[in-house]
Amino acid sequence: LYTTQPEVDPRFGQVALPWQALLNGDPLPVLRGAVDNIGMFFWRGDLESHYNFPGRPVFGPVSALLFLAGILIAIKRWKEPVFAFSLLWLAVGMAPGVFTVPAPSFVHTISAQGVVYVFPGIAVQAAYVRLSKAGKERAAGMLAAFVGVLILANGAWTFVDYFRRWGQLEEVRGF
């Protein structure tokens, strides 16, 4: 409908600028959107304060590494249906954020949210299995304890950002 009657929904034309550029032969806005949306897990999250603490990435440094390791494990094991499905879900869920603006956008990539948190779990589970099979039960136990501490640290970070800092932002108070 937008291509035949753009006046029906001007917002679509605004958010679809990268897609329109790609159709016109310019892939740079889509590539920039891909980098920005992948970056929301590692270095800079959604900047809109009514959805998130502005700029806060999805993961902290350690969790981001576990996320990346989980993706690499899933890619390596892509022939197994669970891993292929998880990678496909992630790609399809991230696609709206890649082809639209602003980037990164938690709203545009919301359908990826369910699978995003699976990937750090894949990495932890793979490490735990490897340690257990090698007869290193003590190391496997330490890994479990480390993950527990990581969850508590992320919980504290999240608590401070969302229940102290976020509510103090003027634009959030207005919402």
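First, a word on what this report is: a plain description of the structure on this page. The structure presented is a predicted model; accordingly, all values stated were derived computationally and were not measured.

## Brief notes about the overall build of the chain
When helices and strands are counted, the chain shows 9 helices and 0 strands. Secondary structure elements in the chain, listed N-terminal to C-terminal, are α-α-α-α-α-α-α-α-α. Its C-alpha atoms give the chain principal-axis dimensions of roughly 65 × 45 × 20 Å. For the chain, the residues scored as buried account for 33% of the 175 residues in total. If you take every contact in the chain between residues at least 6 apart in sequence, the share linking residues at least 24 apart comes to 62%. In the form shown here, the chain has an accessible surface area of approximately 11000 Å², with 69% of it arising from carbon and sulfur atoms. Distance between charge centres in the chain, computed from 14 positive and 11 negative side chains, equals 16 Å.

## Concerning the pattern of salt bridges
Close approach of charged atoms lets side chains of opposite charge pair. On inspection of all chains with the given rule, the structure shows 3 salt bridges. We note a salt bridge from R77 to E80, for which the minimum N-O separation is 2.9 Å. Several salt bridges share partner residues, and in doing so they unite R56, D161 and R165 into one network.

## So, the packing of helix α3 (residues 28-39) against helix α5 (residues 81-98)
Packing of α3 against α5 leaves a shortest axis separation of 8 Å and a crossing angle of 120°. Between α3 and α5, the angle falls in the class oblique. Note that α3 runs across α5; the crossing there is right-handed. Of the residues in α5, those touching α3 at P29, V30, G33, A34, N37 and I38 are M94, G97 and V98. Grouping the constituent residues of the contact of α3 with α5 by class yields 6 nonpolar, 3 polar and no charged.

## Details of α5
In this model α5 runs 25 Å from its N-terminal to its C-terminal C-alpha over 18 residues, within 8% of the 26 Å that 1.5 Å per residue would give. Contacts made by the buried residues of α5 are with α2 (17-23), α3, α4 (61-76), α6 (113-116) and α7 (118-133).

What counts, and where the lines are drawn
- Residues numbered from 1 in each chain as written.
- Predicted model: local features only at pLDDT ≥ 70, side-chain atom pairs only at ≥ 80, totals over all residues.
- Heavy atoms only, no water.
- Helix = DSSP H or I, 4+ residues; strand = E, 2+ residues; numbered from the N terminus.
- Buried < 20%, exposed > 50% of the residue type's maximum accessible area, 1.4 Å probe, protein only.
- Contact = heavy atoms within 4.5 Å.
- Areas by Shrake-Rupley, 256 points an atom, 1.4 Å probe, with all protein chains shown as cover.
- Lys, Arg positive; Asp, Glu negative; His and termini not counted.
- Charge placed at Lys NZ, Arg CZ, Asp CG, Glu CD.
- Salt bridge = Lys/Arg side-chain N within 4 Å of Asp/Glu carboxyl O.
- Axes fitted to C-alpha atoms, helices over the stretch in contact; angles between N-to-C directions.
- Parallel < 35°, antiparallel > 145°, perpendicular 65-115°, else oblique.
- Left-handed = near helix turned anticlockwise from the far one by under 90°.
- Nonpolar A, V, L, I, M, F, W, Y, C, P; charged D, E, K, R; others polar.
- Expected span 1.5 Å × (residues − 1).

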